[in-house]
Amino acid sequence: MNEVEVQLVKSGQLRLACQGCENDAEQHCDICKTLLCTSCSDDHNRYKPFTKHKLTPVVEMTVPPKASLMCGKHKKNELRLFCSSCQVLVCDDCTIKYHKNHDYDVLEQTADDQRAALREQADQLELQAITPLREGIENIKQELESLSSSRDVAEKNIQESFDALTSAISRRAKEHRQQIKEVFERKQK
């Protein structure tokens, strides 16, 4: 059973049948893995080999055991069909009395169809989510490469400008020293 069914059992909207007599199950034997009504659980506790078995109230179970889903209107009938028109589980008697001329299918087939549809939706969602993420990662990688390349170009340009300025300053300093030397030598004569 799944989490939804657990909640339905806890809220009393879903009835589990006793596996001894088909009355409403009230207890679950954790050792035997059996659903039991009040009467059958009393009998279960009376037998010496079962006295150490732990019985858990059905409403306290976190994961109910595999059990038949029983119809709330026709207590002895198992819910075997899914009424597509009403979107509810139904028993054979319900199809005649309450769901006449409705569309229904065997529960297992409906469950398989729903599982397949959910898998397909999950795959589509995964593709919808993963494809943009991969594209985003690729764009970031390209931007990083571009930034790295731009940084290298900028560093090279700065170094070239620095070298050119240093060379120009050195040349101007040499020219000024030469001019000072020439002026000094002329004045000495």
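Residues numbered from 1 in each chain as written. Predicted model: local features only at pLDDT ≥ 70, side-chain atom pairs only at ≥ 80, totals over all residues. Heavy atoms only, no water.

Chemist: What is the right way to look at the overall build of the protein in this model?
Modeler: When helices and strands are tallied, the protein shows four helices and eight strands. In sequence order, the secondary structure elements of the protein are arranged as α-β-β-β-α-β-β-β-β-α-β-α. Radius of gyration (C-alpha) of the protein: 42 Å, far over the 16 Å computed for a compact globule of 189 residues. Taken over the C-alpha atoms alone, the protein extends approximately 135 × 50 × 20 Å along its principal axes. Going through the 189 residues of the protein one by one, you find that 22% of them count as buried. (Helix = DSSP H or I, 4+ residues; strand = E, 2+ residues; numbered from the N terminus. Rg over C-alpha atoms; globule rule 2.2 N^0.38 Å. Buried < 20%, exposed > 50% of the residue type's maximum accessible area, 1.4 Å probe, protein only.)

Chemist: What's the story with the sheet that holds strand β7 (residues 88–90) in this structure? I'm lost.
Modeler: Whenever strands of a sheet pair, they do so through backbone hydrogen bonds, lying parallel or antiparallel. Strand order in this open sheet of three strands is β7-β6-β8, and the pairing throughout is antiparallel. Only two strands of the sheet have a single neighbouring strand rather than two, namely β7 and β8 (104–106). Going across the sheet, the axis of each strand differs from the next one's by a mean of 35°, ignoring polarity. Note: strand β6 (residues 81–83) against β7, three bridges, orientation antiparallel. If you follow Phe82 over to β7, its bridge partner there is Leu89. In the packing of helix α4 (residues 107–188) onto the sheet, the strands contacted are β6, β7 and β8, and the crossing angle to β8 comes to about 95°. (Pairing = 2+ DSSP bridges. Axes fitted to C-alpha atoms, helices over the stretch in contact; angles between N-to-C directions. Contact = heavy atoms within 4.5 Å.)

Chemist: Looking at this model, I keep getting lost on helix α2 (residues 38–46). Mind explaining?
Modeler: For an α-helix, 3.6 residues make a turn, and residues three or four places apart therefore share a direction. Burial in α2 covers these residues: Cys40, Ser41 and His44. In an axial view of α2, the angular spread of the buried residues amounts to 100°, which keeps them on one side of the axis. Contact partners of the buried residues in α2: β2 (27–29), β3 (34–36) and β4 (55–57). (Arc of directions from axis to C-beta.)

Chemist: Can you walk me through the packing of aromatic side chains in this structure?
Modeler: How two aromatic rings sit relative to each other is given by the distance of their centres and the angle of their planes. Summed over the entire model, instances satisfying the criterion amount to one aromatic pair. Aromatic side chains Tyr47 and Phe50 sit 6.4 Å apart centroid to centroid with 90° between the ring planes, which places their arrangement in the edge-to-face category. Since its relative accessible area comes to 52%, Tyr47 is described here as exposed. For Phe50, a relative accessible area of 28% puts it in the partly exposed group. (Phe/Tyr/Trp six-rings, centres within 6.5 Å; stacked < 30°, edge-to-face > 60°.)

Chemist: Sorry if this is basic, but what is going on with a nonpolar patch on the surface here?
Modeler: There is a patch of nonpolar side chains on the surface, built from Ile140, Leu144 and Leu147 and spanning about 320 Å² of accessible area. Along the polypeptide, Leu144 turns up in helix α4. (Patch = residues over 30% accessible without salt bridge, like charges linked within 9 Å, V, L, I, M, F, W, Y side chains within 5 Å. Areas by Shrake-Rupley, 256 points an atom, 1.4 Å probe, with all protein chains shown as cover. Salt bridge = Lys/Arg side-chain N within 4 Å of Asp/Glu carboxyl O.)

Chemist: Would you mind showing me how to read the nonpolar core here?
Modeler: Counting 15 residues, the largest nonpolar core has Leu16, Leu35 and Val58 as the members making the most contacts within it. Of all hydrophobic cores here, the second largest spans six residues; its members include Cys18, Leu36, Cys37 and Leu55. (Core = buried A, V, L, I, M, F, W, Y, C linked by side-chain atoms within 4.5 Å.)

Chemist: I would appreciate a short explanation of the environment of Tyr47 in the present structure.
Modeler: If you trace the backbone, Tyr47 turns up in the loop between α2 and β4. Separated by 14 residues in the primary sequence, Tyr47 and Lys33 place their C-alpha atoms 16 Å from one another.

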